[in-house]
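# Structural features, examined
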Amino acid sequence: MSDVTTVNCPTCGKPVIWGEQSPFRPFCCKRCQLIDLGEWAAEEKRIPSEGDHSESDDWSESQQ
C-alpha cells in the first residue's frame, strides 16, 4: 500500500508530492520558496497576535 501525500504550493497552488523527490516542499520550486521568504521579510505576512503591542512593551532588562 503506497499512499502518496500531495499538498498545494502555498505560493502558486500547484500540487506538490510530499516526499524526498520534492526538495522545496511544501513549495513546488525554489522560486516560490523565495517569494514566500520575501513576503515574510517585508512583513507582508505575520503571525497574528493579541493586541497591538510594540516589541518593547512589557519588557525590561531587569525582569522581576
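Values in this document were obtained by computation on a predicted structure and should not be read as measured data. (Residues numbered from 1 in each chain as written. Predicted model: local features only at pLDDT ≥ 70, side-chain atom pairs only at ≥ 80, totals over all residues. Heavy atoms only, no water.)

### A closer look at the UniProt feature "binding site: Zn(2+)" (unreviewed entry) in the chain
In the numbering used here, UniProt assigns the "binding site: Zn(2+)" (unreviewed entry) feature to Cys9, Cys12, Cys28 and Cys32. Taken along the chain, the residues just named run across 24 residues; in space they keep tight, none of their C-alpha pairs more than 8.2 Å apart. As for its placement among the helices and strands, cysteine 12 is situated in the loop between β1 (6-8) and β2 (15-17). Not counting chain neighbours up to four residues away, the residues in contact with cysteine 12 comprise Cys28 and Cys32. Taking relative accessible area as the criterion, cysteine 28 reaches 25% and is therefore assigned partly exposed. With near-sequence residues (within four places) excluded, cysteine 28 lies in contact with Cys9, Cys12, Lys14 and Val16. (UniProt positions renumbered as here; feature names shortened; annotations may be inferred. Helix = DSSP H or I, 4+ residues; strand = E, 2+ residues; numbered from the N terminus. Contact = heavy atoms within 4.5 Å. Buried < 20%, exposed > 50% of the residue type's maximum accessible area, 1.4 Å probe, protein only.)

### A closer look at the packing of aromatic side chains
Scanning the entire structure with this criterion turns up zero aromatic pairs. Taking NZ or CZ as reference, arginine 25 lies 5.8 Å from the ring centre of tryptophan 18, over its face. (Phe/Tyr/Trp six-rings, centres within 6.5 Å; stacked < 30°, edge-to-face > 60°. Lys NZ or Arg CZ within 6 Å of the ring centre and 35° of its normal.)

### So, helix α1 (residues 30-41)
If you check α1, its first and last C-alpha atoms are 16 Å apart, about what twelve residues at 1.5 Å a residue would give, namely 16 Å. Positive phi shows up at glutamate 43, right after α1, with a value of about 60°. (Expected span 1.5 Å × (residues − 1).)

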